[in-house]
Amino acid sequence: DEAFSAEFLTMARKVFDMIDVDNSGTLTKAEIVESVQTDKQVITFLSNCGNANLQYLLVPSRLQAALAVLDTDSDGEIDATEWESAIEQALKAKLEQRRVAREAAAAANRKEIEEFTAAFLNAARECFVMIDVDDSGTLTKHEIIRSIKEDAKVVQFLRNCGEENLQFLLQPARLSKALDALDTNKDGEMDIEEWEEAIYRGLAKRV
């Protein structure tokens, strides 16, 4: 927000100078009316500045009331101090909008990750079951070879799972070495715990 704030304040000062055509250091009603009718940069800044009274300067029916609020010393003009006070309020509003937007984006991102994680783990469980044709709770080399030859869903999942040793099961020349790496207890088969360890490594790379 630091860079945004600096840019916002710089533009605010620039807009003040653009409205203050006689360089008096104050903004008269006539100068404001002229600027909000003819200067696109002034119009764009005020439209998006975040301060309602500054925005009302763009609305003829509300301009006088907005000026009365902004002109805190009631001298009929807006001086630099009054302008900066309004800009400070505007910046606070803009920063709050940005905070809310960031939180909403973060919440949406968390939800997306949670949904992806649930779908990924569900697909992983289904894949294990599809390979484990004898329902033994472990995957043998023979079952894996059969599945990657015959089951397109298994092939698709392994190809996209994110864990390289599971992906290497798809390559005959690398299958035995990959299975040995995945079979951490070295019993010659891959049990559900070993499968899930690999799956979570893959998941970590996918999210």
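Coordinates for the structure precede this section.
Residues numbered from 1 in each chain as written. Predicted model: local features only at pLDDT ≥ 70, side-chain atom pairs only at ≥ 80, totals over all residues. Heavy atoms only, no water.

## Let's talk about the pattern of salt bridges
Put simply, the rule is: For this analysis, a salt bridge means a side-chain nitrogen from Lys or Arg found within 4 Å of a carboxyl oxygen belonging to Asp or Glu. In this description a helix means any DSSP run of H or I spanning at least four residues, a strand means any run of E spanning at least two, and both kinds are numbered starting from the N terminus. With a 1.4 Å probe rolled over the protein chains alone, any residue whose accessible area is under 20% of its type maximum counts as buried; one over 50% counts as exposed, and the rest are partly exposed.
Summed over all chains, the structure comprises eight salt bridges. Residue E103 pairs with R99 through a salt bridge whose shortest N-O separation is 2.6 Å. Within this pair, E103 and its partner R99 are both found in helix α6 (residues 80-131), separated by four residues, close to a single helical turn. With a relative accessible area of 47%, E103 lands in the partly exposed category. Overall, R99 belongs to the partly exposed group, its relative accessible area being 32%.

## Regarding unusual backbone geometry
One non-glycine residue, D135, lies in positive phi territory at about 55 degrees. Note on placement: D135 falls in the loop between α6 and β3 (138-139).

## Focus on helix α3 (residues 40-48)
Applied cut-off: To obtain the arc, one takes the directions from the helix axis to the C-beta atoms. We call two residues in contact whenever any of their non-hydrogen atoms come within 4.5 Å of each other. Here a polar contact means two N or O atoms within 3.5 Å. Within protein one must be a hydrogen donor candidate and the other an acceptor candidate, and residues neighboring in sequence count only if both atoms are side-chain atoms.
When we look at burial in α3, the residues that qualify are V42, F45 and L46. All buried residues of α3 lie within an arc of 95 degrees about the axis, which places them on one face of the element. Where the residues of α3 are buried, they touch α1 (2-19), α2 (29-38), α4 (52-56) and α6. The opening residue of α3, the one whose side-chain oxygen lies 3.0 Å from the backbone nitrogen of Q41, is D39. The first or second residue beyond α3 is G50, which carries a positive phi of 95 degrees.

## Structural notes on the packing of α6 against helix α8 (residues 152-160)
To keep things clear, this is the line we draw: Whenever a helix is involved, its axis is fitted only over the stretch in contact; in every case the axis is a line through C-alpha atoms, and angles between N-to-C directions fall within 0 to 180 degrees. Oblique is the label for every angle not falling under 35 degrees (roughly parallel), over 145 degrees (roughly antiparallel), or within 65 to 115 degrees (roughly perpendicular). Left-handed is the label given to a crossing in which the near helix is rotated counterclockwise from the far helix by less than a right angle, and right-handed is the label when the rotation is clockwise. The residue classification treats Ala, Val, Leu, Ile, Met, Phe, Trp, Tyr, Cys and Pro as nonpolar and Asp, Glu, Lys and Arg as charged. All others, Gly included, are polar.
Two elements in contact, α6 and α8, have axes separated by 10 Å at closest approach and are oriented at 135 degrees. Here α6 lies oblique to α8, going by the angle between them. By crossing handedness, the relation of α6 to α8 is classed as left-handed. In contact with F120, A123, A124, E126, C127, M130 and I131 of α6, α8 contributes K153, V154 and F157. The class makeup of the residues in the contact of α6 with α8 is eight nonpolar, no polar and two charged.

## Quick look at the side chain of D183
Selection criterion: Charge convention: Lys and Arg are scored as positive, Asp and Glu as negative, and His as well as the terminal groups of each chain are ignored.
Of note, D183 is situated in the loop between α10 (172-182) and β4 (190-191). No salt bridge is formed by the buried D183, whose closest oppositely charged neighbour, K186, lies at an N-O distance of 5.9 Å. Of the polar contacts made by the side chain of D183, one reaches the backbone nitrogen of G188; its length is 2.7 Å.

## With respect to the nonpolar core
The following threshold applies: To form a nonpolar core, buried Ala, Val, Leu, Ile, Met, Phe, Trp, Tyr and Cys residues must be joined to one another through side-chain atoms within 4.5 Å.
If you look at the biggest cluster of nonpolar residues, it comprises 26 residues, and the most contacted ones within it are F8, I32, F45, L46, L54, L57 and W83. For this core, the elements supplying multiple residues, two or more each, are α1, α2, α3, α5 (60-70) and α6. If we skip the residues at most four places from it in the chain, L54 touches L46, C49, L70, W83, A86 and I87. Counting residues in each nonpolar core, the second largest holds 25 residues, with A124, F128, L179 and I199 among its members.

The analysis is restricted to geometry; functional conclusions fall outside its scope.
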